[in-house]
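Tertiary structure, described
If you want the building blocks of each chain, they are given just below.
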Amino acid sequence: MFFRKKVQTDEFEAAALPHLNDLYRTAVHLVRNRTEAHDIVQDVYLQAWKVFHRFEPGTNCRAWLFKILINEVHHYRRRWFNTKVVPDLEQPLEETLTFEPPIAENIQDETVLAALDEIPREFREVVLLSDVQEFTYKEIAEMLSIPVGTVMSRLSRGRKQLRMKLSGYATAAGIGRKPQEGAYERG
Amino acid sequence: MNVVSFNERSCERYRRYFDAYLDNELLVETNQDVLQHLNSCPNCTRILGDRARLKELVRNAVKSESAPADLVAAVRGNLGTRRAAFFGGNTTQWMMAAALLLLVIGGVSALRWGAIIRFAGKDGVLQAASARVQEILRVGLIDHVHCAILSQRWKQLVTFEEMKSASGPQALGPEFVDLVPAMQAKLGSEFKVVQGHRCAANHRQYVHLIFTGNKGAILSLVITEKNGESFSKADAVAVMNASGIPIYEDRQGVLEIAGFESDRYLAYIVSNLDRDASLGIASQVAPMVHDHLHRLEL
């Protein structure tokens, strides 16, 4: 039994640590606070290590770690915030427009990140998991415990809001502006 | 009340698929419909290109930040603390457990081989193999469509000197930059090199060389590391052999895909040429590209 756990720990490090950067980046934009993201990622690894015996070798370790991350983030938010879930049927005015304005040229990373952080968390979550981490809709649906159709609708709405914020018109009007230095740290 | 013309309504229908199209989540048939619509609709092509660009912008922006070094140390530290608790067991117990573990691993491996052998004997294997080859060929098609066509890289001329001196994640690097003049020599004066770079699409990294030719021809050499795929393991029949290298072929709408493989890489010629012209080029370049990839594998 002892030996099994030693083997598990070595296996765990080899399988799980390569994903630390991706977990941290995602956590930063989910909680919008680097200090909290730092703590959450540590909790993710501890939690993952505790249940590593349930992890099936050969299955997707990255998706498994992200599911734990999502749970940790939801737990963190329940502790600190009264979160308002955006109803899936709610259609803000900008989303009813059929015209798609072109994305502004020469957009800086800071501008993109500021726009990303401005969209509702439910949408930001799927945009991060799909566009950045490149999980499939099915994997995201399993991570978030929601139907694939809801993943698609949140992704579509999230991307649409990002497009509006980053369109040439919006940036010219000062929407999707750069964040203030250290804004994350205020949570 | 919004007045929507017939064409706009038709475009709206296709645009509803664009997000799933970009994420490679559409059925092959719907994908095909979208591609056909894009061929005849510059406005939708612009919109899809913008959406693809936004996706790339978000990915690059988020990935520009790395975890602080002290986080890695903290995680390792936490695991180390936990691990220490398990190092106090007695050695005999560990050795017995190791022997048991080896037996279990051996047993599981035997079961897996058994499963493979049984699968190979089933009916309908040829049909399944053909679908698998199409799936593998689509890996190359995706990069050509996303990068050369939708991102319009085929219009963005980069000199060979710039490709050689480029650095960063998009640079071809010393491993692949020599493929540019080698491909140019094989393709001859009918084709001009537009650019070569590394790019990412749909969960994969690619090495991508783009050429343009007469009568609007756009041709890509796309190379990607295998991720468990293999033409030979798909048991499919190659359409031709080029100096002993089997070449597999498929057509998706106006695009022709020819693919081959080395031990570690998949390589594709994707173009809007007809089948004979595409296979002709694939047979010319496959031995050279295969040799190049083989040298990298040594």
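Okay, so let's go over this structure. (Residues numbered from 1 in each chain as written. Chains lettered and ligands numbered in written order. Predicted model: local features only at pLDDT ≥ 70, side-chain atom pairs only at ≥ 80, totals over all residues.)

Focus: the overall build of chain A
Secondary structure assignment for chain A yields 10 helices and 0 strands. The helix and strand sequence of chain A, counted from the amino end, reads α-α-α-α-α-α-α-α-α-α. Expressed as a percentage of its 187 residues, the buried residues of chain A come to 39%. Sequence-distant contacts in chain A: of pairs separated by 6 or more residues, those separated by 24 or more amount to 74%. (Helix = DSSP H or I, 4+ residues; strand = E, 2+ residues; numbered from the N terminus. Buried ≥ 20, exposed ≤ 12 C-beta atoms within 10 Å, placed from the backbone. Contact = placed C-beta atoms within 7 Å.)

Some thoughts on the packing of helix α6 (residues 109-118) of chain A against helix α4 (residues 42-63) of chain B
Remark: α6(A) packs on α4(B), axes separated minimally by 9 Å, with the N-to-C direction vectors making an angle of 100°. As judged from the angle between their axes, α6(A) and α4(B) are roughly perpendicular. Seen from α6(A), the contacting residues are D109(A), V112(A), L113(A) and L116(A); seen from α4(B), they are L57(B), V58(B), N60(B) and A61(B). Of the residues in the contact of α6(A) with α4(B), the class split is 6 nonpolar, 1 polar and 1 charged. (Axes fitted to C-alpha atoms, helices over the stretch in contact; angles between N-to-C directions. Parallel < 35°, antiparallel > 145°, perpendicular 65-115°, else oblique. Nonpolar A, V, L, I, M, F, W, Y, C, P; charged D, E, K, R; others polar.)

Regarding the nonpolar core
Residue and element names in this part refer to chain B. Counting 58 residues, the largest nonpolar core has L209, L221, I247, A267, Y268, I269 and A282 as the members making the most contacts within it. Examining the composition of this core, we find that 11 residues originate from one element, helix α7 (residues 125-150), more than from any other. With near-sequence residues (within four places) excluded, I269 lies in contact with L219, L221, A258, S278, I281, A282 and V285. (Core = buried A, V, L, I, M, F, W, Y, C linked by C-beta atoms within 7 Å.)

A closer look at the interface of chain A and chain B
Tallying the contact residues gives 43 residues for chain A and 38 residues for chain B. Elements with a contribution of two residues or more to the side of chain A that touches chain B: α1 (2-16), α2 (20-31), α3 (34-50), α6, α7 (121-132) and α9 (148-166) of chain A.

Things to note about the environment of L129(A)
Residues and elements named next belong to chain A. Tracing the chain through its elements places L129 in helix α7. Between the alpha carbons of L129 and L155 there is a distance of 9.6 Å; along the sequence they are 26 residues apart. With near-sequence residues (within four places) excluded, L129 lies in contact with F66, F135, I140 and M143.

Things to note about the pairing of strand β2 (residues 204-213) of chain B
Residues and elements named next belong to chain B. Relative to β2, strand β1 (residues 191-201) runs antiparallel, the two being bridged by 10 bridges. When the bridges of β2 are listed, C199 appears paired with Y206. The turn linking β1 back onto β2 is made up of 2 residues, and N202 within it adopts a positive phi angle of 50°. Taken together, the 6 bridges between β2 and strand β3 (residues 218-225) define a ladder with antiparallel strand orientation. Across the sheet, the residue bridging to V207 is I223, located in β3. Hairpin geometry of β2 and β3 is characterised by an intervening segment of 4 residues between the two adjacent antiparallel strands and by a positive phi of about 55° at K215. (Pairing = 2+ DSSP bridges.)

Treat this as a map of the structure, not an account of what it does.
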